[in-house]
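Structural description and commentary
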Amino acid sequence: MFDCALCSLVEELIPKETKVGFRMAKEEPQSISKDLQELQKKLSLLIESIQTNSKVVAFMTSPVGQYLDRHPFLALNLLMFIAMSAVPVGFFLLLVVLTSLAAFVGVILLEGLVISVGGLSLLCILCGLAFISLAMSGTITVSYMVVSSLISYWFSPSSLAQQNPGGNCQLSMKSTDFEGLYQE
């Protein structure tokens, strides 16, 4: 009796559009049970395939697998820890990979920058050295030509012949010059 009063109260409060949905919910238990049975079959097949996997069988026969089989709470804790730590460990590994890539790209960019700056510096230094060597070689050449011309002018045979008309090719030193030096 109380149940029918509650149903009539619910029917009054729920709008007509929703009544259809409410009545369909009463009619759906058979389809829901079929869906649940199908889901149960799929889960049992999945569990069976996991249990028959050769790697799982090898792990369960190991001492660690047998210990976890005897202590299901510890196995659940370990499973939850591994599942929950996968995200932070994944983020950390992603950070490591991205940092490594950034460092690699940064090193390449930095290396390119250093090589470019070094190449330009070397070019400037070599151009400066070329200018300095050109100036020095020009100065040395001009100096050589001037000194050579002066020496050839000062010590030319014609000027020596004018200074020493006797034909003696001494450097215009006369014997009289030595007489004054060696007087005793």
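Looking only at helices and strands, one finds 8 helices and 0 strands in the protein chain. What you see in the protein chain, going N to C, is helices and strands ordered as α-α-α-α-α-α-α-α. Counting only carbon and sulfur atoms, one obtains 72% of the accessible surface of the protein chain, whose full area is about 16,500 Å².

Here we come to the side chain of Ser 85. Considering the arrangement of structural elements, one finds Ser 85 in helix H6 (residues 72-154). Polar contacts involving the side chain of Ser 85 include one to the main-chain carbonyl oxygen of Phe 81, which spans 2.8 Å. At 3.3 Å, the side chain of Ser 85 and the backbone oxygen of Ile 82 are in polar contact.

Where empty space is left becomes clear once a probe the size of a water molecule has been rolled over the atoms. Estimated volume of the largest pocket: approximately 240 Å³. Ile 47, Ile 50, Gln 51, Val 56, Phe 59 and Met 60 are the residues that line the largest pocket. The set of elements that each furnish at least two residues to the lining of the largest pocket consists of helix H3 (29-51) and helix H4 (54-61). Here the lining of the largest pocket is composed, by residue class, of 5 nonpolar, 1 polar and no charged. Approximately 180 Å³ is the volume attributed to the second largest pocket. Lining the second largest pocket we find Phe 59, Met 60, Leu 68, Pro 72, Ala 75, Leu 76, Leu 78, Leu 79 and Ile 82. Those elements giving two or more residues to the lining of the second largest pocket turn out to be H4 and H6. The class makeup of the residues in the lining of the second largest pocket is 9 nonpolar, no polar and no charged.

All right, on to the confidence of the model for the protein chain then. As a general rule, the predicted coordinates of low-pLDDT regions are not to be interpreted in detail. For the protein chain, the mean per-residue pLDDT works out to 78, and 70% of the residues sit at or above 70. A low-confidence stretch, residues 1-6 (pLDDT under 50), is modelled with 0 contacts involving residues beyond four sequence positions or located in other chains. Of the regions scoring below 50 in pLDDT, residues 15-22 engages in 3 contacts with residues more than four places distant in sequence or in other chains.

Turning next to the packing of helix H5 (residues 63-70) against H6. The interhelical angle for the contact between H5 and H6, taken along N-to-C directions, is 110°, at an axis separation of 5 Å. Classified by the interaxial angle, the pair formed by H5 and H6 is roughly perpendicular. Where H5 approaches H6, its residues Tyr 67, Leu 68, Asp 69 and Arg 70 are matched on the opposing element by Pro 72, Leu 74, Ala 75 and Leu 78. Here the residues of the contact of H5 with H6 sort into 6 nonpolar, no polar and 2 charged.

Evaluated as defined, the whole model comprises 1 salt bridge. Across the pair Lys 42 and Glu 38 runs a salt bridge, and its minimum N-O distance is 3.6 Å. Of this pair, Lys 42 and Glu 38 are both found in helix H3, 4 residues apart, which corresponds to roughly one turn of the helix. Residue Lys 42 is classed as exposed on the basis of its relative accessible area of 53%. Using a relative accessible area of 45% as the deciding quantity, one classes Glu 38 as partly exposed.

Here we take up the packing of H4 against H5. Orientation of H4 relative to H5, taken along the N-to-C sense of each, is 80°, at an axis distance of 4 Å. Regarding the angle of H4 to H5, the classification is roughly perpendicular. Residues Phe 59, Met 60 and Thr 61 of H4 touch H5, and the partners they reach there are Pro 63, Val 64, Gly 65, Gln 66, Leu 68 and Asp 69. Here the residues of the contact of H4 with H5 sort into 5 nonpolar, 3 polar and 1 charged.

So, about the state of the cysteines. In total, this model carries 0 disulfides according to the counting rule given. In this model Cys 124 remains outside any disulfide bridge; the closest cysteine sulfur is found in Cys 127, 6.6 Å from its own. For Cys 124, a relative accessible area of 54% gives the class exposed. The exposure class of Cys 127 is partly exposed, given its relative accessible area of 48%.

Thresholds applied
- Residues numbered from 1 in each chain as written.
- Predicted model: local features only at pLDDT ≥ 70, side-chain atom pairs only at ≥ 80, totals over all residues.
- Heavy atoms only, no water.
- Helix = DSSP H or I, 4+ residues; strand = E, 2+ residues; numbered from the N terminus.
- Areas by Shrake-Rupley, 256 points an atom, 1.4 Å probe, with all protein chains shown as cover.
- Polar contact = N/O pair within 3.5 Å; in protein donor to acceptor, adjacent residues only side chain to side chain.
- 1 Å grid on protein atoms, 1.4 Å probe; cavity = no way out; pocket = protein on both sides within 12 Å on 5 of 7 lines; lining within 4 Å.
- Points joined across faces, edges and corners; volume = space filled by probe spheres on them.
- Nonpolar A, V, L, I, M, F, W, Y, C, P; charged D, E, K, R; others polar.
- pLDDT = per-residue confidence, 0-100.
- Contact = heavy atoms within 4.5 Å.
- Axes fitted to C-alpha atoms, helices over the stretch in contact; angles between N-to-C directions.
- Parallel < 35°, antiparallel > 145°, perpendicular 65-115°, else oblique.
- Salt bridge = Lys/Arg side-chain N within 4 Å of Asp/Glu carboxyl O.
- Buried < 20%, exposed > 50% of the residue type's maximum accessible area, 1.4 Å probe, protein only.
- Disulfide = S-S within 2.5 Å.

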